[in-house]
Amino acid sequence: MSTFVESTLTTLCLYVVVAQSWNLIGGLAGYASFGQVAFYGVGGYAVALLMLDASLSFWVALPLAALVAGAYGLLLGLPLLRLRGEYFAVATLVAAAATQALAAWQPAFTSQGAGLTITTVGTHQTTPYLGAGGFTLLFAGLAAFSVGVVAVLTHTRLGYALRVIRDDERLARAVGVRAGWTKLTAFAVSAALAGLAGGASAFRLVTVTPGQMFDPTITVLTIAMVVLGGAGTVFGPVIGAVALTALTTAVDAVLPSSRDLVLALVILAAVVFVPRGLGRSGHMVRLFAPLTELRRPRQRPLLR
Amino acid sequence: MSEASSPTAPPRLEAIGLSCRFGGVHALSDVSVRVADGQIAVLLGPNGAGKSVFVDVVCGELQASAGRVLIGGRDLTHSPGWRLVCHGVARTFQVPRPLRSCTVWENVHGAASRVREPNEHHHASARGRAEQALARVGLLHRRDSRPDCLSLAELRKLELARALALAPRLLLLDEPMAGLSAAEIDDTVGLLAELRAQGIAILAVEHVMQAVLAMADVVYFLHQGSVLRSGPPADILADRRVVAMYLGVPLGAIAG
């Protein structure tokens, strides 16, 4: 495989992970988070600091970073999940900006603006750099894991609880769903997934800066992918990630300066023409229905 | 009925002096209601009498400003709504509230999965309970339909099936017959009588007199937030004050 193909595949898989992370809280629970990049950044910084200061292996640091991001999700979710709709969206947007400001303000996190550089060569390295092929494999594994997490959650009682919360919180209480606790769990798992993506990215980038790890474009692109593919479905975010990654790669090759303009037009068109997402519209439904719809017992026992 | 006749068992639902205030409006004042296992109690009263508010207070949707709610002898006055489900309380809504993005089966099975019964394999029990609930209300043949394709009668059945899937000991039904045809009302009355025979306590808000007379063991007549009279249905309907309040005839006109 050429380096170009490998790096494109890696980016695609990275976006699948972040998209599934957003899908959990935004798609399944109906709480549109505009601050998902905060957890991505926290995960990235956690990996960098654990590898640098604690001299931990990347393979230990990565799951720890997911835990740290999940804990940060609990911390933010506790107050923020009391809000709904656009209030929740704005609050998460601000929380992400505040997190970025915190990272930029703390000298230990930035080494005076130069960014943290993970040691990947010499005697102080904790884990050898994975290389292009290695990272493609790592991110593909993480993408498969994130799809698995969403698929499993969709089919458990937590999945039903999230759907009731999304559609009718009053009904949720009437069927015994503890809404506050359920939302918090989903938010923490979603944050941990984003942290996983951020942690792996930090190692891939070697040098992490607040501007890169907390780039709001990541959130925007992720939301666009999930909405385009079909929020709340298992494979919709994957379809969205493939579509938008292909599009941005193509536009970058042909008209690099008009990338944002083309993206904006496509997202607008998607919202107008396929508001429920590609994974749920027209002939795509027939293609993907067995995968994207909730399993119906007896009829199509595809899963389990 | 056997449990109800046991002298030591506390009533399934005992509301003692319940009040609920919204600012200066007394939606409920000092309402006391008892429903035993295997008993059907009906809340009757004109619009705005506080019947739905009473149901909402009992199941934790609204906060009582005074009084207590005992479920099976346990004080659950200030428990959040979701916890009451664990204590065997299930309700239906006056306006059916299905999940429109889910099928009939997903609606009922999802609810069933929220409750765990001891000593049963979890998946098997939730599935079994959902199937039983759908069969019971006669909606099993519509299991794969979306709620948007159901008639009002079927939506009411879905409400009931979802409540039954929670394995309730106390059912709170907010106007389960509203909008149904005479034949459908008879079906529902028969179903509720069966549930009563199983020992489930039922508290229903109901306007349909035919149904009230056919099924109620006890009627509470609410007016402006308090219980005006309670007793067997025949006695309540023979009360001139009740008839006057219900039909809006001035008291003097009857007295004369």
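Residues numbered from 1 in each chain as written. Chains lettered and ligands numbered in written order. Predicted model: local features only at pLDDT ≥ 70, side-chain atom pairs only at ≥ 80, totals over all residues. Heavy atoms only, no water.

**A look at the domain arrangement of chain B**
Residues and elements named next belong to chain B.
Piece 1. Along its sequence, chain B is carved into domain 1 (2-88 + 168-255) and domain 2 (98-167).
Piece 2. Computed over C-alpha atoms only, the centres of domain 1 and domain 2 are separated by 25 Å.
Piece 3. Across the domain 1/domain 2 interface, buried area totals approximately 1,100 Å², and carbon plus sulfur atoms make up 68% of it.
Piece 4. By the criterion of area lost to domain 2, the three top residues of domain 1 are V85, P168 and L191, representing 39% of everything that side buries.
Piece 5. Connecting domain 1 to domain 2 are one salt bridge.
Piece 6. We note a salt bridge from E194 to R136, for which the minimum N-O separation is 3.0 Å.
Piece 7. Our count for the domain 1 to domain 2 interface comes out at two residue pairs in polar contact (both at pLDDT 80 or more).
Piece 8. Those elements that provide at least two residues to the side of domain 1 that touches domain 2 are β7 (170-174) and α7 (182-197).
Piece 9. Broken down by element, the side of domain 1 that touches domain 2 gets its largest block of residues, five residues, from α7.
Piece 10. Along the lines of polarity and charge, the residues of the side of domain 1 that touches domain 2 split into 11 nonpolar, two polar and four charged. (Domains from an automatic or database assignment. Buried area = accessible area lost by both parts, 1.4 Å probe. Salt bridge = Lys/Arg side-chain N within 4 Å of Asp/Glu carboxyl O. Polar contact = N/O pair within 3.5 Å; in protein donor to acceptor, adjacent residues only side chain to side chain. Helix = DSSP H or I, 4+ residues; strand = E, 2+ residues; numbered from the N terminus. Nonpolar A, V, L, I, M, F, W, Y, C, P; charged D, E, K, R; others polar.)

**What about the packing of helix α6 (residues 131-154) of chain A against helix α9 (residues 179-205) of chain A?**
Residues and elements named next belong to chain A.
Piece 1. Where α6 meets α9, the axes come as close as 11 Å, and the angle between the chain directions of the two elements is 175°. For the element pair α6 / α9, the angle class is roughly antiparallel. Listed contacts from α9 to F135, L138, F139, L142, F145, S146, V149 and L153 of α6 are V189, L193, L196, A197, A200, S201, F203 and R204.
Piece 2. Among the residues making up the contact of α6 with α9, the classes are represented as 13 nonpolar, two polar and one charged. (Axes fitted to C-alpha atoms, helices over the stretch in contact; angles between N-to-C directions. Parallel < 35°, antiparallel > 145°, perpendicular 65-115°, else oblique. Contact = heavy atoms within 4.5 Å.)

**Looking at the confidence of the model for chain A**
Residues and elements named next belong to chain A.
Piece 1. Scored by pLDDT, chain A comes out at a mean of 86, with 89% of its residues at no less than 70.
Piece 2. Of all secondary-structure elements in chain A, the lowest mean pLDDT belongs to helix α14 (residues 282-292), at 48, while helix α3 (residues 58-80) reaches the highest, 96.
Piece 3. Contacts from residues 283-304, a stretch scored under 50 in pLDDT, to residues over four places away or in other chains number 40 contacts. (pLDDT = per-residue confidence, 0-100.)

**Examining the pairing of strand β4 (residues 66-71) of chain B**
All names here are of chain B.
Piece 1. Where strand β1 (residues 13-22) lies against β4, five bridges are found, and the strand directions are antiparallel. Across the sheet, residue L13 finds its bridge partner in β4, namely I71.
Piece 2. Relative to strand β5 (residues 74-75), β4 runs antiparallel, the two being bridged by two bridges. Bridge assignment links I71 to a residue of β5, and that residue is R74.
Piece 3. Counting the residues in the hairpin turn of β4 and β5 gives two residues, including G72, whose phi is positive at 55°. (Pairing = 2+ DSSP bridges.)

**Focus on the sheet that holds strand β10 (residues 226-231) of chain B**
Backbone hydrogen bonds hold the strands of a sheet together, and the pairing may be parallel or antiparallel.
All names here are of chain B.
Piece 1. The strand order β6-β7-β8-β3-β9-β10 describes an open sheet built from six strands, whose pairing is mixed. Looking at which strands have only one partner, the edges of the open sheet turn out to be β6 (89-91) and β10. Averaged over neighbouring strand pairs, the angle between their axes works out to 20° when direction is ignored.
Piece 2. As defined by bridge partners, strand β3 (residues 40-44) adjoins strand β9 (residues 218-223) across four bridges and the pair is classed as parallel. Residue L43 lies in a different strand from β9, and its bridge partner there is Y220.
Piece 3. Packed onto the sheet, helix α10 (residues 240-247) meets β3, β9 and β10 and runs at close to 55° relative to β9.

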